[in-house]
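Chains, contacts and geometry: an overview
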Amino acid sequence: MRKPLLTRLLKLRELDRVWRSRVQQENLKRLYFLALFGVFLSLSQICLFWLLDATGSAAEARWREISLLVHPAILLLSLLIGGLTLRLRRQDNPSTAVERLSTLTATLVLAIGLMLTAFDQLVIQGVTPLVAACSITALLLYLRPLTALILFSTALIIGVLIIDQLSNSPALKLSSTMNSLTACASGLLVSWILYRNFLREQQLRKVLLRQREILKARTRQLQFQASHDTLTGLLNRREFERLTESELSRVNRHPAPLSLLMLDLDHFKAINDNFGHPAGDAVIRHVARLLGEHTRNCDTIGRLGGEEFIILLPETDLPQAQQTAEKLRGLIEHSAIDIENGRLQITASIGLACLAPGCPTHLTPFYQAADQALYRAKRGGRSRVEHFYFTPGLDTVP
């Protein structure tokens, strides 16, 4: 079923309340171009009437003289409206003033159309100026429905009175009256439709922008989930390997030291077995936070899975990497984590692989070297750092 008229009007009123400032912003732009249009139109009309042949009846001569007086007034009004528009454009929130200027401009346009219609009765007895004024008002300005109703109704009443008083032919009087009624009614209808459509367009644009933001947020979320570990927020293995391959390509082109730390928490299975998986998850998050807080911004941290972490240290030689690894191992060893049953002490073993400048390699041997170093640290008693070192022209050296 179609919505009742009252429901539509209430909805339009609500949209008008929400988007009134946006309507006035758009009207401010339109007022500026309307002023330019008025300047162009008045100048062209002045030139036309100035060059017009002055011969003719006394009524035509009088009509020409009046037109030459009216159009300079239109020119001045257009310049005034343009100046006020430029002034309002410099203000921060000119909505109320713009609404008043819009109503005043619409009133002036219709008044000028009525005045020219009255003058036209001296010669052609037509209502073309009123038709043009109604069209300009309806098409170029967004008027609130009540304002448009008052303006076009008033214009129709005054237009009918002018025709009734100045038109001599009953047939022309009837024709001009009907044309005035059509012009004002059409102007009101077009004005209401355009205003309603503008408000709906703004509402639809708001919905689309909100949906676009939601889509962007979901896209970012999916991208994050595709490249990060959900428990710690660190890079997952796939994304870490992609970044490591990129860094290896860089140092192969521009020789620089590069180090890789592989960290494994000691006896982590016992933590899950004795204290439960929530405690294990808390330990994983705790270690991830320590690693993030005590490494450089340029370092890349990832979680391989379970209790294993991996860190890429660009521009880091072997002594610097060993220092970093020992610092991280000590931080983990001396930081206890509170759990439901008390405080839990944890340790970690670290395997280090360091690539000397000018020693090209690929991800697999680099990763395997760090893994072998980690295995040695585990086998050597845990809570320690072991390293492998790649040097140009030599195999991996312990």
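Remember, predicted model here, so these are calculated numbers, not experimental data.

A few points about the pattern of salt bridges
Close approach of charged atoms lets side chains of opposite charge pair. Counted according to the given criterion, the structure contains 20 salt bridges. A salt bridge links E201 to R205; the nearest nitrogen and oxygen atoms lie 3.0 Å apart. Remark: R205 and E201 occur in helix α6 (residues 170-227); sequence separation between them is 4 residues, near one turn of the helix. Overall, the relative accessible area of 38% leaves E201 in the partly exposed class. It is possible to trace a salt-bridge network through shared partners that takes in R22, E26 and R30.

Section: the side chain of S383
Take S383: it is sitting in the loop between α11 (363-379) and β7 (385-390). A polar contact is formed between the side chain of S383 and the side chain of R329, at a distance of 3.1 Å.

Here's the deal with a nonpolar patch on the surface
On the surface, a cluster of nonpolar side chains totalling about 500 Å² of accessible area is made up of F37, F40, L41, L139, L140 and V190. If you list the elements that add at least two residues to the nonpolar patch, you get α1 (5-51) and α4 (128-140). The biggest single contributor to the nonpolar patch is α1, with 3 residues. On the secondary structure map, L41 appears in helix α1.

A short note on helix α9 (residues 277-293)
The terminal C-alpha atoms of α9, which comprises 17 residues, lie 24 Å apart, in line with the 24 Å expected from a rise of 1.5 Å per residue. Looking only at α9, the buried set comprises A279, G280, V283, I284, H286, V287, A288, L290 and L291.

Some remarks on the packing of helix α5 (residues 145-166) against α6
One can describe the packing of α5 onto α6 by two numbers: an axis separation of 9 Å at closest approach and a directional angle of 170°. As judged from the angle between their axes, α5 and α6 are roughly antiparallel. Contact residues: P145, A148, L149, F152, A155, L156, V160, I163 and D164 in α5; K173, S176, T177, S180, L181, C184, G187, L188, S191, W192 and Y195 in α6. In terms of residue class, the contact of α5 with α6 is built from 13 nonpolar, 5 polar and 2 charged.

Some remarks on the sheet that holds strand β3 (residues 308-314)
Pairing within the open sheet is mixed, and its 5 strands lie in the order β2-β3-β1-β6-β7. Each edge of the sheet is formed by a strand with only one pairing partner; in this case those strands are β2 (300-305) and β7. Strand-to-strand twist of the sheet, defined as the mean angle between neighbouring strand axes without regard to direction, takes the value 20°. Bridge count for β2 against β3 is 5 bridges, and the pairing is antiparallel. Bridge pairing in β3 places G305 opposite E308. With respect to the sheet, helix α10 (residues 318-333) is in contact with β1 (258-265), β3, β6 (348-355) and β7, its orientation differing from that of β6 by roughly 165°.

Describing the pairing of β7
Examined bridge by bridge, β6 and β7 share 6 bridges and lie parallel to one another. Note that in β7 the partner of G351 across the bridge is E386. Handedness of the crossover joining β6 and β7 through α11: left-handed.

Regarding unusual backbone geometry
Here H267, not a glycine, exhibits a phi torsion of approximately 55°, which is positive. Structurally, H267 is set in the loop between β1 and α8 (268-275). With phi around 70°, R382 is a residue other than glycine that occupies positive phi space. Along the chain, R382 turns up in the loop between α11 and β7.

Quick word on the nonpolar core
Within the largest apolar cluster, 31 residues are counted, with the highest numbers of intra-cluster contacts made by L261, L263, L265, V283, V287, L291 and F309. With 7 residues, the top contributor of residues to this core is α9. With residues near it in sequence (within four places) discarded, V287 still touches L263, L265, F309, I332 and I346. L28, A35, L88 and L141 belong to the second largest nonpolar core, which has 27 residues in total.

Cut-off values and rules
- Residues numbered from 1 in each chain as written.
- Predicted model: local features only at pLDDT ≥ 70, side-chain atom pairs only at ≥ 80, totals over all residues.
- Heavy atoms only, no water.
- Salt bridge = Lys/Arg side-chain N within 4 Å of Asp/Glu carboxyl O.
- Helix = DSSP H or I, 4+ residues; strand = E, 2+ residues; numbered from the N terminus.
- Buried < 20%, exposed > 50% of the residue type's maximum accessible area, 1.4 Å probe, protein only.
- Polar contact = N/O pair within 3.5 Å; in protein donor to acceptor, adjacent residues only side chain to side chain.
- Patch = residues over 30% accessible without salt bridge, like charges linked within 9 Å, V, L, I, M, F, W, Y side chains within 5 Å.
- Areas by Shrake-Rupley, 256 points an atom, 1.4 Å probe, with all protein chains shown as cover.
- Expected span 1.5 Å × (residues − 1).
- Axes fitted to C-alpha atoms, helices over the stretch in contact; angles between N-to-C directions.
- Parallel < 35°, antiparallel > 145°, perpendicular 65-115°, else oblique.
- Contact = heavy atoms within 4.5 Å.
- Nonpolar A, V, L, I, M, F, W, Y, C, P; charged D, E, K, R; others polar.
- Pairing = 2+ DSSP bridges.
- Right-handed = clockwise from strand over helix to strand, strands pointing away.
- Core = buried A, V, L, I, M, F, W, Y, C linked by side-chain atoms within 4.5 Å.

From the geometry alone we can't say anything about function, so treat these as descriptive.
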